[in-house]
Amino acid sequence: MAFSEKRENNGAAEDSNHSRLIKLREFDDTKLGVKGLVDAAVAKVPEIYLDHSSSGSVLTIPVIDLKHPNTTAAAAVRREIVGGIRGSCEEWGFFQVVNHGIPEGILDEMIQGVRRFHELDPEIKKRYYTRDLISGFFLVSNFDLYRSAAASWRDTMGCVAAPDLPPPEQLPDATRDILIEYSKQVKQLSKTILELLSEALGLEPNRLNQLGCGAGQLLLGHYYPACPEPEVTIGVTDHTDASFITILLQDQIGGLQVLHRNKWVDVQPRKGALVVNLGDLLQLVSNDKFISVSHRVVPKRIGPRISVACFLRPLIHKGDTDSPPVYGPIPELLSEENPPVYVEADVREFMRIHSSRGLDEPSPLQHFRV
Ligand code: OGA
Ligand code: NI
């Protein structure tokens, strides 16, 4: 089966290579080049010029339905969910979840809350503008503004959301109530997702939660204004997240892309769904079984686009823990055939390396490789 399928695919690829060759020869034989096409007033860019590597890929990232029936079939359904997550984490480092338990009304209101804040009167908004991302609610444009080669077409509001949100009186009216509610819901969902990920790694369901993988959370509300020249800039440069996992809510505009087998694949907005992606710390503790994948956001002429990212991280700030947390590959995942590929990393050092580089520089994972 597999063999004949493969032959058929190769056959299809050969056919398409052959027809491309014919078209290239036809074009070459005109001897008039691209100028000739333009002089002939072609309405569309001919097929031979279409760059399928940059966009328009037909692939889509996996969608996992988290609905558990309350019947005897529950165990089998859970095995299927865990299997789906394992495959997605090995192949893509990205998946979307539906039926995750957070009501759609809360998702919509969270997007509106981020929008209301970014569209506040400038004089009110300005009071929150700071590059200190730890001490309270903040507004900032580009964390890596002074380190990146080009600035990104994006503003960001946010705050630490776990272990605790800032006191309510420090949160702006425009977004306070929904921020508190959404953060509560995401905390609940992160527990569930970390359980499923533990099982997908073949570990006890509680393992990643006990390791503190969701103990610290940073919540960001991105605002990507409509861009007059989307082809010359970027919304978020190509990067991997430092987190264990990131839970992302996006509106219906689109623009998020993930790198899959060297091609950028659109993460299609899906009403009611949340995107989950793995960060570098999960790749480290899973000893490369699961992957943290590059992603980016391309700007658009339409907008604003709004997204809300919740990064699940260990406790890293002063006062959170007495001794600095250290993470290495989880011992149960190691064996003679599967020796550790990372040394133990002090996560404060890990985060420092991550945030002191431009988003477009290599991930700190390289730094901790054996
Ligand atoms: C991020 C990120 C994607 C988005 O905040 O790390 O990748 O869609 N955001 O805003
Ligand atoms: Ni990211």
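Residues numbered from 1 in each chain as written. Chains lettered and ligands numbered in written order. Predicted model: local features only at pLDDT ≥ 70, side-chain atom pairs only at ≥ 80, totals over all residues. Heavy atoms only, no water.

## What about the coordination of the nickel ion (ligand 2)?
Piece 1. Only H239 (NE2), D241 (OD) and H295 (NE2) from the protein coordinate the nickel ion (ligand 2), and they sit 2.1 Å from it.
Piece 2. Sequence spacing among the residues donating to the nickel ion (ligand 2) works out to H-x1-D-x53-H. Within this pair, whereas D241 is found in the loop between β6 (236-239) and β7 (245-250), its partner H295 is found in strand β11 (residues 295-297), the two being separated by 54 residues in sequence. Comparing D241 with H295, the two get one shared label, buried. (Donors = N, O, S within 2.8 Å, 3.2 Å for Na, K, Ca; no water. Helix = DSSP H or I, 4+ residues; strand = E, 2+ residues; numbered from the N terminus. Buried < 20%, exposed > 50% of the residue type's maximum accessible area, 1.4 Å probe, protein only.)

## Some points on the sheet that holds β6
Piece 1. Pairing is antiparallel in the open sheet, where four strands are placed in the order β6-β11-β8-β9. Every other strand in the sheet has two partners, leaving β6 and β9 (263-266) as the edge strands with one partner each. Strand-to-strand twist in this sheet, taken as the mean axis angle between neighbours without regard to direction, amounts to 25 degrees.
Piece 2. One ladder, built from three bridges, connects strand β8 (residues 256-260) with β11; its direction is antiparallel. In the strand pairing of β11, V258 is matched with H295. (Pairing = 2+ DSSP bridges. Axes fitted to C-alpha atoms, helices over the stretch in contact; angles between N-to-C directions.)

## Remarks on the side chain of S141
Piece 1. Take S141: it is sitting in the loop between β3 (138-140) and β4 (155-162).
Piece 2. At 2.8 Å, the side chain of S141 forms a polar contact with the side chain of D155.
Piece 3. Beyond its immediate stretch of four places on either side in the chain, S141 contacts Y129, R131, R154 and D155. (Polar contact = N/O pair within 3.5 Å; in protein donor to acceptor, adjacent residues only side chain to side chain. Contact = heavy atoms within 4.5 Å.)

## Section: a nonpolar patch on the surface
Piece 1. There is a patch of nonpolar side chains on the surface, built from V34, V38, V45, Y49 and L50 and spanning about 440 Å² of accessible area.
Piece 2. Note that L50 resides in the loop between α2 (33-39) and β1 (63-65). (Patch = residues over 30% accessible without salt bridge, like charges linked within 9 Å, V, L, I, M, F, W, Y side chains within 5 Å. Areas by Shrake-Rupley, 256 points an atom, 1.4 Å probe, with all protein chains shown as cover. Salt bridge = Lys/Arg side-chain N within 4 Å of Asp/Glu carboxyl O.)

## Looking at the pairing of β4
Piece 1. Of all eight residues in β4, seven are buried, a share of seventy percent or more.
Piece 2. By the bridge criterion, three bridges tie β3 to β4 in an arrangement that is antiparallel. Residue F138 lies in a different strand from β4, and its bridge partner there is G158.
Piece 3. Direction of pairing for β4 relative to strand β5 (residues 216-224): antiparallel, over a ladder of seven bridges. Across the sheet, residue M157 finds its bridge partner in β5, namely G221.

## Regarding the nonpolar core
Piece 1. Membership of the largest hydrophobic core comes to 68 residues, with the highest contact counts inside it found for I85, Y182, L197, I245, L274, L282 and L284.
Piece 2. Ranked by residues supplied to this core, first place goes to helix α6 (residues 176-200) with 10 residues.
Piece 3. With residues near it in sequence (within four places) discarded, I85 still touches I64, F95, L196, L197 and A200.
Piece 4. Listed in part, the 20 residues of the second largest apolar core include F138, V140, V267 and V297. (Core = buried A, V, L, I, M, F, W, Y, C linked by side-chain atoms within 4.5 Å.)

## Notes on the sheet that holds β4
Piece 1. One open sheet holds the eight strands; their spatial order is β1-β2-β10-β7-β12-β5-β4-β3, and the pairing between them is mixed. Only two strands of the sheet have a single neighbouring strand rather than two, namely β1 and β3. Strand-to-strand twist in this sheet, taken as the mean axis angle between neighbours without regard to direction, amounts to 25 degrees.
Piece 2. Relative to β7, α6 is tilted by about 130 degrees, and along the sheet it contacts β4, β5, β7, β10 (274-278) and β12 (305-313).

## Describing the site of ligand 1
Piece 1. Contacts to ligand 1 come from H222, Y224, H239, D241, L248, L256, H295, V297, R305, S307, A309 and F311.
Piece 2. Between ligand 1 and the protein, one listed contact pairs an oxygen atom with a side-chain N or O atom of H239 at 3.0 Å.
Piece 3. H295 places a polar side-chain atom, nitrogen or oxygen, 3.0 Å from an oxygen atom of ligand 1.
Piece 4. When ligand 1 is considered free in solution it has 290 Å² of accessible area, and contact with the protein chains removes 94% of it.
Piece 5. Of all the secondary structure elements, the ones that give two or more residues to the shell around ligand 1 are β5, β11 and β12.
Piece 6. Per element, the largest residue contribution to the shell around ligand 1 is four residues, and it comes from β12. (Near = heavy atom within 4 Å.)

## Some details on unusual backbone geometry
Piece 1. Here A162 and P163 are connected by a cis peptide whose omega angle stands at 5 degrees.
Piece 2. Relative to the assigned elements, P163 resides in the loop between β4 and α6.

## Here's the deal with the UniProt feature "domain: Fe2OG dioxygenase" (unreviewed entry) in the protein chain
Piece 1. Mapped onto the present numbering, the UniProt feature "domain: Fe2OG dioxygenase" (unreviewed entry) falls at residues 214-314.
Piece 2. The span residues 214-314 is 6% helical and 45% strand by assignment, and the distance between its end C-alpha atoms comes to 6 Å. (UniProt positions renumbered as here; feature names shortened; annotations may be inferred.)

## Thoughts on the packing of helix α3 (residues 74-91) against α6
Piece 1. Where α3 contacts α6, the two axes come as close as 9 Å, and the packing angle between them is 80 degrees. Put simply, α3 runs roughly perpendicular to α6. Contacts from R78, I81, V82, I85, R86 and C89 in α3 reach E195, L196, L197, E199 and A200 in α6.
Piece 2. A class-by-class count of the residues in the contact of α3 with α6 yields seven nonpolar, no polar and four charged. (Parallel < 35°, antiparallel > 145°, perpendicular 65-115°, else oblique. Nonpolar A, V, L, I, M, F, W, Y, C, P; charged D, E, K, R; others polar.)

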